[in-house]
Amino acid sequence: MARAAIDSLAVSEQPDPAWLEELFEWLRIPSISADQAHADDVRRAGEWARDFVRRAGGQAELVDTDSFPLLVGDIPASNGANGAPTILLYGHFDVQPPAPLELWESEPFEPEVRDGYIYARGAVDDKGNAFLLLKAAELLAAERALPVNVRIAFDGEEETGGDSIVDFLESDDRGADACIIFDSGMPREDVPAFDLGVRGLIYYHLRLRTGERDLHSGVFGGAALNGAHALMRTLEAVVSMPEGVRAGVIDPMDEERRSWDELDTGAAVLEEAGARPADEAAADEFYTRTLASPAVDVHGIAVGEPHLQKTVLPVSAEANVSIRLAPGQDVEEIDGAFQGRLREAAPEGAELEIERWASSPAGLIPPDSPAVRLAQDAFERVLGRRPLLLRSGGTLPIVPTLADKGIPTILSGFALPNANMHSPNERLLARYIPLGVATARETLVALAGLR
């Protein structure tokens, strides 16, 4: 495909069946990092990517860590490595658990194409997206047209907030001229976007006790401390977003706000997701809240008996709760404020234990980086539209690490808002396989201009 001829009409609407079978082979591996029963499957998924890189003419190996392995590899520039820019590709080969299984319309680890979509766990997050990068590098190498040195660093614990990729990069002195990450998406069909920032995350597990044993509600109700009530009161202190957990936020740039104006309204996005607004202002403030502000969410509560009629005052309660950090916020500062608010809010007589299970800082990517501008040009040549500059509401631990090392990052991807990431029936638009590979190819070629 000649570069000058690339446009959205020059790319096949149908994915190559051989490409699909390659991707499906990867998707069939249930590489669930949150479940130790699937530890061997996570390794198998890493081995699949390792073997792919080797078949593409590169070198690759799995590097063991304290948890799940890293895939580390290289594919040299076709005309020799000396003098060619080095581009790092990042992705992850672990996936979210598929539960609840009864809501899947097909088997989560048996990929299926229907209604123009590929359905499978990992179809977009992140095996499907990462496959586009690997395939583009493989094709360019096979044609002896790869103008950059490609480094690959994929991990198997992104979905569990692991630090192995961060530790690896912090100790790595080889560096790169730029990084490409396809682990994001489009705000709507055929509207590409680059995420200039990601939110951080601090994840907690809470245990609370209010007595020695459960009590009869007819005898003690209204007089004895109820563990369920105490937990709800404690959580509300942070769910209400007090000032202390908002400190340090960097406001979005004008260019970002202009990009928001081109997106669907917050009301439309919420409706499409089948969600209900949290309050009267939620729809109007949707992008500010989800891309550029901290947010506290309770993910699970275990207390009492929710299914049988049992009139007791429960004395033991547990919960998982997290805060997403906006760019500019410091993990340790917010952690101190967050835990402080929880402890202040716990009722007198309640014993509260707080465990910090995971944390990752937020990160920002300079929008005026030459790598970002070259990549925008490349996306526009293939997709016929210049990518919007946004932020991601999610967390990618690698992004702030790359920023600290001065490696400009192109964070994009081909997931749509209806991709059902982290939910049943995860899906990728099938025509985005050839389109995504073409875009990744053109971006690798364009980044040769960094030297």
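Fair warning: this is a prediction, and the values are worked out from it, not measured in the lab. (Residues numbered from 1 in each chain as written. Predicted model: local features only at pLDDT ≥ 70, side-chain atom pairs only at ≥ 80, totals over all residues. Heavy atoms only, no water.)

1. Some words on the pairing of strand β17 (residues 409–412)
Logical step 1: Burial along β17 is two-sided: T409 and L411 and I410 and S412, pointing in opposite directions, are all buried.
Logical step 2: Bridge count for strand β7 (residues 178–182) against β17 is four bridges, and the pairing is parallel. Within β17, the residue paired with I181 across the bridge is L411. (Buried < 20%, exposed > 50% of the residue type's maximum accessible area, 1.4 Å probe, protein only. Helix = DSSP H or I, 4+ residues; strand = E, 2+ residues; numbered from the N terminus. Pairing = 2+ DSSP bridges.)

2. Re the packing of aromatic side chains
Logical step 1: Using the criterion set out here, one finds twelve aromatic pairs in the structure.
Logical step 2: A centroid spacing of 4.9 Å and a plane angle of 90° characterise the contact between F194 and F379, whose relative ring orientation is edge-to-face. Residue F194 is located in strand β8 (residues 193–198), and its partner F379 is located in helix α11 (residues 370–383); the two are separated by 185 residues in the primary sequence.
Logical step 3: A relative accessible area of 2% means that F194 is categorised as buried.
Logical step 4: We classify F379 as buried; its relative accessible area is 1%.
Logical step 5: In this structure an aromatic cluster arises from ring pairing among F182, F194, F379, F414 and Y432. (Phe/Tyr/Trp six-rings, centres within 6.5 Å; stacked < 30°, edge-to-face > 60°.)

3. Here we look at unusual backbone geometry
Logical step 1: A cis geometry characterises the amide bond from A99 onward to P100, with omega recorded as 5°.
Logical step 2: Topologically, P100 is positioned in the loop between β3 (86–92) and β4 (112–114).
Logical step 3: The omega torsion across D125 and D126 is 0°, close enough to zero to call that bond cis.
Logical step 4: Within the secondary structure, D126 is located in the loop between β5 (117–119) and α3 (127–142).
Logical step 5: At R144, a position not held by glycine, the phi torsion is positive, near 50°.
Logical step 6: Within the secondary structure, R144 is located in the loop between α3 and β6 (149–155).
Logical step 7: Unusually for a residue other than glycine, N420 sits at a positive phi of about 60°.
Logical step 8: By the element assignment, N420 lies in the loop between β17 and β18 (427–429).
Logical step 9: The class for N420 is partly exposed, based on a relative accessible area of 30%.

4. Section: the pattern of salt bridges
Logical step 1: Counted by the stated rule, this structure contains 30 salt bridges.
Logical step 2: A salt bridge links D41 to R44; the nearest nitrogen and oxygen atoms lie 2.9 Å apart. With D41 and R44 both in helix α2 (residues 39–55), this residue pair falls three residues apart, about one helical turn.
Logical step 3: R44 sits in the partly exposed class, given a relative accessible area of 40%.
Logical step 4: E332 is paired through a salt bridge with R356; the nearest N and O atoms lie 3.0 Å apart. Of this pair, E332 sits in helix α10 (residues 331–345) while R356 sits in strand β14 (residues 351–360); the two residues are 24 residues apart in sequence, bridging distant segments of the chain.
Logical step 5: Residue classification places R356 among the partly exposed residues on the basis of a relative accessible area of 31%.
Logical step 6: Sharing partners across several salt bridges, the network here consists of E21, R28 and E110. (Salt bridge = Lys/Arg side-chain N within 4 Å of Asp/Glu carboxyl O.)

5. What about the sheet that holds β4?
Logical step 1: Taken together, the three strands give an open sheet; going across it, the order is β4-β5-β18, and neighbouring strands pair in antiparallel fashion. Two strands in the sheet have a free side with no partner beyond their single neighbour: β4 and β18. The average angle at which neighbouring strand axes cross in this sheet is 25°, direction not considered.
Logical step 2: As paired elements, β4 and β5 share three bridges and run antiparallel to each other. Residue pairing for β5: V113 is matched across the bridge by I118. (Axes fitted to C-alpha atoms, helices over the stretch in contact; angles between N-to-C directions.)

6. Details of the nonpolar core
Logical step 1: If you look at the biggest cluster of nonpolar residues, it comprises 93 residues, and the most contacted ones within it are W26 and L444.
Logical step 2: Per element, the largest residue contribution to this core is ten residues, and it comes from α3.
Logical step 3: Beyond its immediate chain neighbours, meaning those up to four positions away, L444 contacts I87, L89, A136, A137, L140, L146, P147, V148, V150 and I180.
Logical step 4: Of all hydrophobic cores here, the second largest spans 24 residues; its members include Y204, V238, M241 and A319. (Core = buried A, V, L, I, M, F, W, Y, C linked by side-chain atoms within 4.5 Å. Contact = heavy atoms within 4.5 Å.)

7. Some words on a negative patch on the surface
Logical step 1: On the surface, D66, D163, D167, E170 and D404 cluster together to form a negatively charged patch.
Logical step 2: If you trace the backbone, D163 turns up in the loop between β6 and α4 (164–171).
Logical step 3: On the basis of relative accessibility, which here comes to 40%, the residue D163 falls in the partly exposed class. (Patch = residues over 30% accessible without salt bridge, like charges linked within 9 Å, V, L, I, M, F, W, Y side chains within 5 Å. Areas by Shrake-Rupley, 256 points an atom, 1.4 Å probe, with all protein chains shown as cover. Lys, Arg positive; Asp, Glu negative; His and termini not counted. Charge placed at Lys NZ, Arg CZ, Asp CG, Glu CD.)

8. What about α3?
Logical step 1: In a regular helix each residue adds 1.5 Å, so 16 residues correspond to 22 Å; α3 covers 22 Å between its end C-alpha atoms and thus fits that length.
Logical step 2: R144, located one to two residues past α3, shows a positive phi value of around 50°. (Expected span 1.5 Å × (residues − 1).)

9. Thoughts on the sheet that holds strand β16 (residues 388–392)
Logical step 1: Spatial strand order, β15-β8-β16: three strands in an open sheet with mixed pairing. Across the chains shown, the open sheet's two edge strands, defined by having one partner strand only, are β15 (363–364) and β16.
Logical step 2: Pairing of β8 with β15, which is carried by two bridges, proceeds in the antiparallel orientation. For V198, the partnering residue across the bridge sits in β15 and is G363.
Logical step 3: Lying on the sheet, helix α7 (residues 254–261) is in contact with β8 and β16; it crosses β16 at an angle near 95°.
Logical step 4: Across the sheet, α11 touches β8 and β16, and the angle it forms with β8 is around 150°.

Taken by themselves, the reported measurements are silent on function.
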